[in-house]
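Close look at the chain arrangement
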Amino acid sequence: MSVVPLREILADAFDQRYGVPAVNIVNDLTLEAVLAAAEQHSSPLIVQTSVKTVKSVGYGVLMAMWREMTAGLRVPVTLHLDHCPERDVISECLRHGWNSVLFDASRMPVEENTRQTVEVVAEARRHGADVEGEIESITGVEDDIGSDEAAAQKGLEVALDFLRTTGVDVFAPAIGNAHGSYRRAPVLDFQRVSDIVAAHPLPIALHGGSGLSDEQFRDLIARGCAKVNISTALKETYMKGNLAFLRDAEERQKWDPPSLFRSVRADVMGLAGSLMDVFGSTGRAG
């Protein structure tokens, strides 16, 4: 099964109303750990890379890691470029083999966003890749992209015109969600997801998933949020896992890097596996 198009993974999730974790990895350890969790849970998986990660690790190195680690995989996975406002980065990722991209032109006027998204979709199709689109900024800064200003929703007809004109495969609306850690319980516009899906059935991407309750996840997934983004939770799990292990190592004065890697890998696998259970994707790859 292994690497498949994003739309193939999301088609079944959207039809059957379960969510596929779309997890932002930061290095080889986190990539290997989330892939191992997908195998363990027989779950489809969307692996995401931020622009910051792409630039720090490198296109070629990331793709070499991806190809090596997905060779012989028994579950469907796909590689997605998250929030990218830079057309040249999108072009390089597509050229290197990314399966899908999110062209983040949400800071542009909708008309210009639409025009450029049409171009990105055409470029992606030439590479056999898919495109996620958005017309509103998701509140919060993630990997140096975004703004802490509250996102203003556009009207339903504006969103539908964008979808019909661009032909994007996935849509990420602003529904009161936010990147990063929520300072207070978010007030989510569940109905907006239902309204968009009823008028233009396509998979919805839920951004700002870290920190939502299981009940909120399940409600939104039932309405059509087939792609559920998780970034902050992975970063926190990865860094806190390192911190806890190193504090213990300092106390014991025992310094063994492979033990550190195994411990943090287990933490990341545990997080990814728990998401698969909550989102309902466990067992869906079988």
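By convention here, each chain's residues receive numbers from 1 onward along its written sequence. This being a predicted model, a pLDDT of at least 70 is required before a residue's local features are given, and a value of 80 or more before pairs of side-chain atoms are given or counted; all residues contribute to the totals for chains, interfaces and linings. Here the side-chain values reflect all heavy atoms present in the structure, with hydrogen atoms and water set aside.

Further remarks concern the packing of aromatic side chains. Pairing of aromatic rings covers Phe, Tyr and Trp, the last through its six-membered ring, and needs centres within 6.5 Å; plane angles under 30 degrees mean stacked, over 60 mean edge-to-face, and all others mean tilted. Using the criterion set out here, one finds two aromatic pairs in the structure. Aromatic side chains Phe162 and Phe171 sit 6.0 Å apart centroid to centroid with 45° between the ring planes, which places their arrangement in the tilted category. Relative accessibility decides the category of a residue: with a 1.4 Å probe and only protein chains considered, values under 20% of the type maximum give buried, values over 50% give exposed, and everything between is partly exposed. Owing to a relative accessible area of 1%, Phe162 belongs among the buried residues under this scheme. The criterion for a charge sitting over a ring is simple: Lys NZ or Arg CZ within 6 Å of the ring centre, and within 35 degrees of the ring normal. For the cation-ring pair, Arg17 lies above Phe14, with the distance from its terminal atom to the ring centre recorded as 4.5 Å. A cation sits over an aromatic face here: Arg87 above Phe103, 5.8 Å from the ring centre.

Restricting attention to buried positions, one finds in helix H9 (residues 214–223) the residues Gln216, Phe217, Leu220 and Ile221. All buried residues of H9 lie within an arc of 125° about the axis, which places them on one face of the element. Here, two residues are considered to be in contact whenever any of their heavy atoms come within 4.5 Å of each other. Secondary structure follows DSSP: runs of H or I at least 4 residues long count as helices, runs of E at least 2 residues long count as strands, and numbering of each begins at the N terminus. Where H9 is buried, its residues meet helix H8 (190–199), strand S9 (204–206), strand S10 (225–230) and helix H11 (257–279). Gly224 sits one or two positions beyond H9 and adopts a positive phi of about 130°. Picture the helix axis, draw a direction to every C-beta atom, and the arc is the one those directions span.

For helix H5 (residues 87–96), the set of buried residues is Val89, Ile90, Cys93 and Leu94. Along the long axis of H5, the arc covered by the buried residues comes to 135°, so they all point the same way. Across from the buried face of H5, at angles greater than 90 degrees, the exposed residues are Asp88 and Arg95. If you follow the buried residues of H5, they end up packed against helix H3 (51–57), helix H4 (59–70), strand S3 (77–84), strand S4 (100–103) and helix H6 (110–126). In the segment just after H5, Gly97 is the residue with positive phi, at about 120°.

Further remarks concern the pattern of salt bridges. Salt bridges are defined as contacts in which a side-chain nitrogen from Lys or Arg sits within 4 Å of a carboxyl oxygen from Asp or Glu. In total, this model carries 16 salt bridges according to the counting rule given. Here Glu32 and Arg265 are joined by a salt bridge, their closest N and O atoms 2.5 Å apart. Note that Glu32 is positioned in helix H2 (residues 28–41) and Arg265 in helix H11, a separation of 233 residues in sequence. You can call Arg265 partly exposed: its relative accessible area is 29%. The shortest N-O distance in the salt bridge between Glu86 and Lys55 comes to 3.0 Å. One end of the pair, Glu86, is in the loop between S3 and H5; the other, Lys55, is in helix H3, with 31 residues separating them in the sequence. Among the charged side chains, a network of salt bridges with common partners joins Arg7, Arg125, Asp130 and Asp169.

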